[in-house]
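Topology and contacts: notes
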Amino acid sequence: AVSPAPDSTHRSLTRFLIEEQRAGHLNPELRLLIEVVARACKRISVAVGKGALGGVLGDAVAAGGDGASINVQGEAQKKLDVLSNEILLEANAWGGHLAGLASEEMDHSQPIPDAYPRGNYLLLFDPLDGSSNIDVNVSVGTIFSVLRCPEGVAEVGDQHFLQAGREQVAAGYCIYGPSTMLVLTLGHGTHAFTLDREQGSFVLTQRAMRIPEETREFAINMSNQRHWETPMQDYVRDLLAGSEGPRGKDFNMRWIASMVADVHRLLTRGGIFIYPWDRKDPGKAGKLRLMYEANPMSMLVEQAGGAATDGRERLLDVLPGQLHQRVPVFLGSKREVEEATRYHVTHD
Ligand code: AHM
Ligand code: MG
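Rules behind the numbers
Residues numbered from 1 in each chain as written. Chains lettered and ligands numbered in written order. Predicted model: local features only at pLDDT ≥ 70, side-chain atom pairs only at ≥ 80, totals over all residues. Pairing = 2+ DSSP bridges. Helix = DSSP H or I, 4+ residues; strand = E, 2+ residues; numbered from the N terminus. Buried ≥ 20, exposed ≤ 12 C-beta atoms within 10 Å, placed from the backbone. Contact = placed C-beta atoms within 7 Å. Near = placed C-beta within 6 Å. Nonpolar A, V, L, I, M, F, W, Y, C, P; charged D, E, K, R; others polar. Axes fitted to C-alpha atoms, helices over the stretch in contact; angles between N-to-C directions. Parallel < 35°, antiparallel > 145°, perpendicular 65-115°, else oblique. Left-handed = near helix turned anticlockwise from the far one by under 90°. UniProt positions renumbered as here; feature names shortened; annotations may be inferred. Core = buried A, V, L, I, M, F, W, Y, C linked by C-beta atoms within 7 Å.

- Going by the annotation in an unreviewed UniProt entry, the name recorded for the protein is Fructose-1,6-bisphosphatase class 1, with Luteimonas notoginsengisoli given as the source organism.

Spelled out as structure tokens, the structure:
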């Protein structure tokens, strides 16, 4: 008789999800949703990996051929932003697992087309985060978040997506780096899968990731320092003072400018990632989007034993007022996030 392959070396995403289903952590509909998103990410990974050979680098051109295409956030779209968005939309339209989708790259949410059965979930995504890094061959990623569609909704609209992050039933990202990895939570730990390119399948490579509670590493775009509010200035001044300052230890800095890559690093070895509000932005909201970036990353980080706040409150408790809302983000090693948050709270 042929003995089965050893568990730890060959647990595919499919098998992992089946086992999670048996453990009562997800139902078949959510399992299909995760499988479909993972399949779409494989397609995006192929497109990203081709680089200049795929003809997909550079800016997207607006419909009508008149200048660069601009998204709802007022940002120029890359060809790969548009392509990744289309791949995710097309993959998720027909499976019967969704009631609607919302994307960082689309003005409004979309209900599932009438031609297909409607499911119970809402999917939100940033199809290609960190897209300023595409043309320079640095890691980028797809971020996604899953919510339940409220019961009794006849027509899905933007308002049905406006739920606090703690209501997420699943969240994850796919990082397109030296290897392609899917990092996923279903609310029972954060788990990492690596794409086996030859087999075309994601393989579980780290179960139950744990972020060290203490760190000596931070990720911040320091070029905005002069625009930060006082408690943020104070916090970073004390980090930079190192072992001679009040923190009594030296810190190292890393900034990739791809949130997915910066968060992947801290999930792997600890750290704090911060995108604060600054005075260039009168809305006091910072750059990152609550629904597509902050919420899914916060769930992944909390499920790995880390913490996530907006500098004052737990991010997963923030009630969104609109789909494309921005929010300051402080996440990573628990003690360090608490420390950064303390600077802000005691200042107020
Ligand atoms: P994007 O969604 O338009 O790619 O913007 C989000 C990205 C994050 O990945 C990253 O943390 C941040 O923007 C970097 O911004 P900056 O230009 O300040 O370096
Ligand atoms: Mg983005």
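1. Re the sheet that holds strand S12 (residues 307–309)
- Sheet architecture is open: five strands sit in the order S10-S9-S11-S13-S12, paired in mixed fashion. Of all strands in the sheet, those bounded by a partner on one side alone are strand S10 (252–253) and S12.

2. Some points on unusual backbone geometry
- The residue alanine 208 is not glycine, and still its phi comes out positive at about 50°.
- Here alanine 208 is to be found in the loop between strand S8 (201–206) and strand S9 (217–219).
- Unlike most non-glycine residues, lysine 284 shows phi in positive territory, near 55°.
- According to the C-beta neighbour criterion, lysine 284 is partly exposed, with 13 such atoms within 10 Å.

3. A closer look at the sheet that holds strand S7 (residues 190–196)
- Pairing is mixed across the open sheet formed by eight strands, whose spatial order is S2-S1-S3-S4-S5-S6-S7-S8. Edge positions in the open sheet fall to strand S2 (110–111) and S8, since each of these has one partner strand only.

4. Comments concerning the environment of valine 82
- Assignment of secondary structure puts valine 82 in helix H3 (residues 79–93).
- With 19 C-beta atoms counted inside 10 Å, the residue valine 82 sits in the partly exposed group.
- Residues valine 82 and methionine 106 lie 24 residues apart in sequence; the distance between their C-alpha atoms is 9.7 Å.
- Excluding anything up to four places from it in sequence, valine 82 contacts Ala60, Ser69 and Gln77.

5. Some details on the site of ligand 1
- Taken together, Glu75, Asp126, Asp129, Gly130, Ser131, Asn221, Ala257, Ser258, Met259, Tyr275 and Lys287 are the residues near ligand 1.
- Tallied by class, residues from the shell around ligand 1 come to three nonpolar, four polar and four charged.

6. Things to note about the packing of helix H1 (residues 13–22) against helix H2 (residues 28–50)
- With their axes 10 Å apart at the nearest point, H1 and H2 run at an angle of 160° to one another. In terms of orientation, H1 lies roughly antiparallel with respect to H2. Seen from above, H1 lies across H2 with right-handed handedness. Contacts from Leu13, Thr14, Leu17 and Gln21 in H1 reach Pro28, Arg31, Ile34, Glu35 and Ala38 in H2.

7. Comments concerning the UniProt feature "binding site: substrate" (unreviewed entry) in the protein
- Taking the UniProt record as the reference, the feature "binding site: substrate" (unreviewed entry) is found at Asp129, Gly130, Ser131, Ser132, Asn221 and Lys287.
- Of note, glycine 130 is situated in the loop between strand S3 (121–129) and strand S4 (140–148).
- Excluding residues within four positions of it along the chain, glycine 130 makes contact with Val140, Gly141, Ala257, Ser258, Met259, Val260 and Ala261.
- Along the chain, serine 131 falls in the loop between S3 and S4.
- Residue serine 131 is classed as buried on the basis of its C-beta count, with 22 C-beta atoms lying within 10 Å.
- Leave out the neighbours within four places in its chain, and serine 131 touches Lys78, Leu80, Asp81 and Val140.

8. A short note on the environment of arginine 265
- Mapped onto the fold, arginine 265 is located in helix H5 (residues 259–269).
- Look at arginine 265 and you get partly exposed, because 18 C-beta atoms sit within 10 Å.
- A C-alpha to C-alpha distance of 26 Å links arginine 265 and alanine 164, two positions 101 residues apart in sequence.
- Those residues in contact with arginine 265 that sit more than four places away from it in its chain are Arg254 and Gly271.

9. A short note on helix H6 (residues 290–303)
- Extensive coverage of H6 is indicated by the burial of 14 of its 14 residues.
- Looking at the residues trailing H6, positive phi occurs at glycine 305, about 90°.

10. Side note on the packing of helix H4 (residues 230–240) against helix H7 (residues 334–347)
- It is the contact of H4 with H7, at a shortest axis distance of 9 Å, that shows an interaxial angle of 140°. Viewed along their axes, H4 and H7 adopt a mutual orientation that is oblique. Two packed elements cross with a definite hand, and for H4 against H7 that hand is right-handed. Here H4 contributes Thr230, Pro231, Asp234 and Tyr235 to the contact with H7, which in turn contributes Ala340, Tyr343, His344 and His347.
- Its residues placed into classes, the contact of H4 with H7 shows four nonpolar, three polar and one charged.

11. Side note on the nonpolar core
- Core analysis: the biggest nonpolar cluster contains 90 residues, and Tyr121, Leu123, Leu124, Val146, Leu182, Ile274 and Leu331 have the highest contact counts within it.
- Sort the elements by how many residues they give to this core and H2 lands first, with nine residues.
- Those residues in contact with leucine 331, other than ones at most four positions away along the chain, are Phe273, Met297, Ser298, Val301, Gly306, Ala307, Ala308 and Val337.

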